[in-house]
Amino acid sequence: MASDTVVVGRTAAGRMALVGLGDHSAASEVDTAALAAAVAARENDGDVRWVWADTAAVYPRLLDAGVRVARAWDLRLVHAILHHARTVTDDHGLRSSTGWDADAAAPVDGDTLFDLGDAASGIPETVEAAVAEYHRQTAAIASSEAPGALRLLCAAESAGALIAVELHTAGVPWSRAAHEHLLERELGARRGGGLPARIDQTAAVVRAALDDPAASLDSQPRLLRSLHRVGLMVQSTSRWELAEHDHPAVAPLIAYKKLMRLYTANGWAWLDEWVRDDRFRPVYVPAGVVTGRWASSGGGALQIPRSLRTAVRADPGWTLVTADVAQLEPRVLAAMARDTALAEAASGRDLYAGIVERGAVASRAEAKLAMLGAMYGATTGESGRLLPRLRRTFPRAMQLVDDAARTGEDGGVVQTWLGRTSPAAGESWRALQSLASDAAASGVDETRARRSARDRGRFTRNFVVQGTAAEWALAWLADLRARLAALPEVDATRAAPASGPVFQRRPHLAFFLHDEIVVHTPLEHADAVADAVRESAASAGRLLFGTFPIDFPLDLRIGETAEKG
DNA sequence: TCTAAGTGCGCG
DNA sequence: AAAGCGCGCACTTAGA
């Protein structure tokens, strides 16, 4: 078994070049059509880390050709991390404009999305440029004050890039029939020309209550005027404010909004556009959020209503293993701050119950409110009122987030546990602050500047926690992916072809949402998958936080489970 | 007729 | 209208 790093890029002649960087470095060239076979051969030959410009551009074709790779290095994503990383002391030219700082190619419809060599991204893709960039990146990491952590982050980010493509390719097993059944039950039958019957009926009830048969329910300004005419003096048309009023129009209006939301966001049109072959294939965007969380593009993958998860159904002979982490962010905070008191409160399954047991607050609801307030920067209301009690009981954890907030308010940058750095303060932000600090500044300027400083403080406060939680989740995913790949395949008669050639015969990740995963697995491997999910969570905790005693308990379920709890 | 901004709501 | 973070999407209106 040879361990090697192989850089993949284009040649001037438009072929694909594979350049080995190891002891037995060698270069070879193949036509684009033969890339998958060349990668497969090298992958089977030994332990390889594949270095390429953009996983989202290269990997879909490999998967479609039946080729999975174990390890990768995504030059675009790693560049984005290192470009801003505060701990890097020598950037080796990484911070100058080289084309690698281009944004990801905007996802587009149709076949061009994952076309190899799509030049829209602006990323240099020649193999020479890729080799040079890889050397810059490894050198920059080596110069970091915490090279191990940064290297881990970059490897985890790259593993995430592989997983994002794999999730798209495999898709979420989605029962069109179950989805349609739910739509008909909630909305009534689909009607070609107009709205489903139930929506029409509900709208009629609302209009009757508003004493206006022509009232517009979809235009916020006009609806607001209609409400005012019947004495409902609301300032917005949002559900929470409507619910505070007692009027015959309120209940049907809230019902109308709920039905319309289902119809427009996840109705038949969504089903037609996003579900093929009983698979929902969202486009995941690794690091699409500044904190390092993933975003999604199209299909609203990260906003699927929980009520709709009844449509998530395993293929025949397969099942689903679903797991989410209980209170990931406060656990991560406890470990980052080395706050043993908070870690002890977290030692049971329910961190909030643990906080109550330690006497900080009186109820679980208060504990949750206070903890969220601490991580989001609440200043007023019940959440703000509870914060001093949390500060007394968990001073180290609270100091970590308070420090992050102060740094942000002062215009500084903060870092996650592994070294992802928050964005620098923008030019307009700085201008506002310096304007307000001028002796001749007006009270209005000062107020605006203070508010903007506090806004930024809340962002950096949350950045350290949300970003580190995202790192933990990446580590969890990456470790789980490797464990799943080691489980045995089922025979071809048991295959789930819609999951594609790489995954149709083995357990595979099917969905990921910040702190939650779904694995689609042949029935006989469900218990092994559940073990792998738990072991990878424990492994992720050790990888990030070493021996610090913090648990990451999972709510884990095997089988068709639509909703939580 | 196009785009940008506002509103509201789904998810963590 | 959120108080208190991070997103994406659908719909509307205002403005070019």
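For chain A, an unreviewed UniProt entry supplies the name DNA-directed DNA polymerase and the organism Microbacterium enclense. UniProt, in the comment section headed Catalytic activity (unreviewed entry), describes chain A in these words: "DNA(n) + a 2'-deoxyribonucleoside 5'-triphosphate = DNA(n+1) + diphosphate".

**A word on the confidence of the model for chain A**
Summarising the model, chain A shows a mean pLDDT of 93, and 95% of its residues fall at 70 or more. Counted against residues more than four places away or in other chains, residues 106–119, with its pLDDT under 50, gives 22 contacts.

**Details of the pairing of strand E4 (residues 48–52)**
Of all the five residues making up E4, five are buried; the element is thus mostly covered by neighbouring parts of the structure. In terms of strand pairing, strand E1 (residues 4–10) meets E4 through four bridges, oriented parallel. What sits directly across from Asp-4, in E4, is Val-48. Pairing between E4 and strand E5 (residues 71–74): four bridges, direction parallel. Residue pairing in the sheet places Val-51 in a bridge with Trp-73 of E5. What joins E4 to E5 is helix H2 (residues 55–64), and the crossover it makes is right-handed.

**Re helix H4 (residues 127–142)**
Its 16 residues place the ends of H4 23 Å apart at the C-alpha level, agreeing with the 22 Å of an ideal helix rising 1.5 Å per residue. Where H4 is concerned, the buried positions are Val-127, Ala-129, Ala-130, Val-131, Glu-133, Tyr-134, Arg-136, Gln-137, Ala-140 and Ile-141. Elements that come into contact with the buried residues of H4 comprise E1, strand E2 (16–20), E4, E5, helix H3 (75–84) and helix H5 (147–170).

**Overview of the packing of aromatic side chains**
Under the defined criterion, the tally for this structure stands at 14 aromatic pairs. Taken together, a centroid distance of 5.4 Å and an interplanar angle of 50 degrees make the contact between Trp-417 and Phe-545 tilted. Pair noted here: Trp-417 is in the loop between helix H17 (395–409) and helix H18 (427–437) and Phe-545 is in helix H20 (residues 526–545), with a separation of 128 residues, a long-range link. The exposure class of Trp-417 is partly exposed, given its relative accessible area of 30%. An aromatic cluster of three or more residues is present, and its members are Trp-417, Trp-472, Trp-476, Phe-545 and Phe-552. Residue placement shows Arg-456 over the ring face of Trp-429; its charged tip is 5.3 Å from the ring centre.

**What to know about H18**
Since the α-helix advances by 3.6 residues per turn, residues separated by three or four positions end up pointing in the same direction. Taken as a whole, H18 has its buried residues at Trp-429, Leu-432, Gln-433 and Ala-436. Within H18, the buried residues cover an arc of 95 degrees as seen down the axis, which keeps them to one side. Buried residues along H18 sit against H17 and helix H19 (443–485).

**Topic: the sheet that holds strand E3 (residues 27–30)**
Reading across from one edge, E3-E2-E1-E4-E5 is the order of the five strands in this open sheet, with mixed pairing throughout. Single-partner strands in this sheet number two, and they are E3 and E5. Direction aside, the axes of adjacent strands within the sheet are offset by 25 degrees on average. Running over the sheet, H4 touches E1, E2, E4 and E5 and is turned about 135 degrees from E1.

**Comments concerning the pattern of salt bridges**
Per the counting criterion, the structure on display carries 33 salt bridges. Between Glu-535 and Arg-483 there is a salt bridge, and its shortest N-O distance comes to 3.0 Å. Of this pair, Glu-535 sits in helix H20 while Arg-483 sits in helix H19, and the two are 52 residues apart along the sequence. Residues joined in a network through salt bridges with shared partners are Arg-176, Glu-180, Arg-190 and Asp-272.

**Some points on the sheet that holds strand E11 (residues 318–325)**
The four strands are arranged E12-E13-E11-E14 in an open sheet whose pairing can be described as antiparallel. Only two strands of the sheet have a single neighbouring strand rather than two, namely strand E12 (508–512) and strand E14 (554–558). Across this sheet, the average inter-strand angle for adjacent strands is 20 degrees, counted without regard to direction. Strand direction decides the pairing type here: E12 and strand E13 (residues 516–522), joined by four bridges, are antiparallel. Note on E13: the bridge partner recorded for Leu-509 is Val-519.

**Some points on the protein's contact with DNA strand B**
Among the 18 residues in the neighbourhood of DNA strand B, the closest are listed as Thr-237, Arg-239, Gln-303, Arg-306 and Asp-515. Protein-proximal atoms of DNA strand B, defined as those within 4 Å of the protein, fall in sugar or phosphate at a share of 79%. Within the side chain of Gln-220, an N or O atom sits 2.8 Å from a phosphate oxygen of DNA strand B. Thr-237 is positioned such that a nitrogen or oxygen atom in its backbone is 2.7 Å from a phosphate oxygen of DNA strand B. Its residues placed into classes, the surface near DNA strand B shows four nonpolar, seven polar and seven charged.

**Here we look at the packing of helix H12 (residues 328–336) against H19**
To characterise two packed helices, one gives the angle between the axes of the helices and the distance between these axes. Two numbers describe how H12 lies on H19: the axes approach to 9 Å, and their chain directions differ by 100 degrees. Here H12 is positioned roughly perpendicular relative to H19, judged by the angle of their axes. When H12 is examined against H19, the residues Leu-328, Glu-329, Val-332, Leu-333 and Met-336 are found in contact with a partner set consisting of Asn-462, Val-464, Val-465, Gln-466, Thr-468, Ala-469 and Trp-472. Grouping the amino acids of the contact of H12 with H19 by side-chain chemistry returns eight nonpolar, three polar and one charged.

Rules and cut-offs
- Residues numbered from 1 in each chain as written.
- Chains lettered and ligands numbered in written order.
- Predicted model: local features only at pLDDT ≥ 70, side-chain atom pairs only at ≥ 80, totals over all residues.
- Heavy atoms only, no water.
- UniProt positions renumbered as here; feature names shortened; annotations may be inferred.
- pLDDT = per-residue confidence, 0-100.
- Contact = heavy atoms within 4.5 Å.
- Buried < 20%, exposed > 50% of the residue type's maximum accessible area, 1.4 Å probe, protein only.
- Helix = DSSP H or I, 4+ residues; strand = E, 2+ residues; numbered from the N terminus.
- Pairing = 2+ DSSP bridges.
- Right-handed = clockwise from strand over helix to strand, strands pointing away.
- Expected span 1.5 Å × (residues − 1).
- Phe/Tyr/Trp six-rings, centres within 6.5 Å; stacked < 30°, edge-to-face > 60°.
- Lys NZ or Arg CZ within 6 Å of the ring centre and 35° of its normal.
- Arc of directions from axis to C-beta.
- Axes fitted to C-alpha atoms, helices over the stretch in contact; angles between N-to-C directions.
- Salt bridge = Lys/Arg side-chain N within 4 Å of Asp/Glu carboxyl O.
- Near = heavy atom within 4 Å.
- Polar contact = N/O pair within 3.5 Å; in protein donor to acceptor, adjacent residues only side chain to side chain.
- Nonpolar A, V, L, I, M, F, W, Y, C, P; charged D, E, K, R; others polar.
- Parallel < 35°, antiparallel > 145°, perpendicular 65-115°, else oblique.

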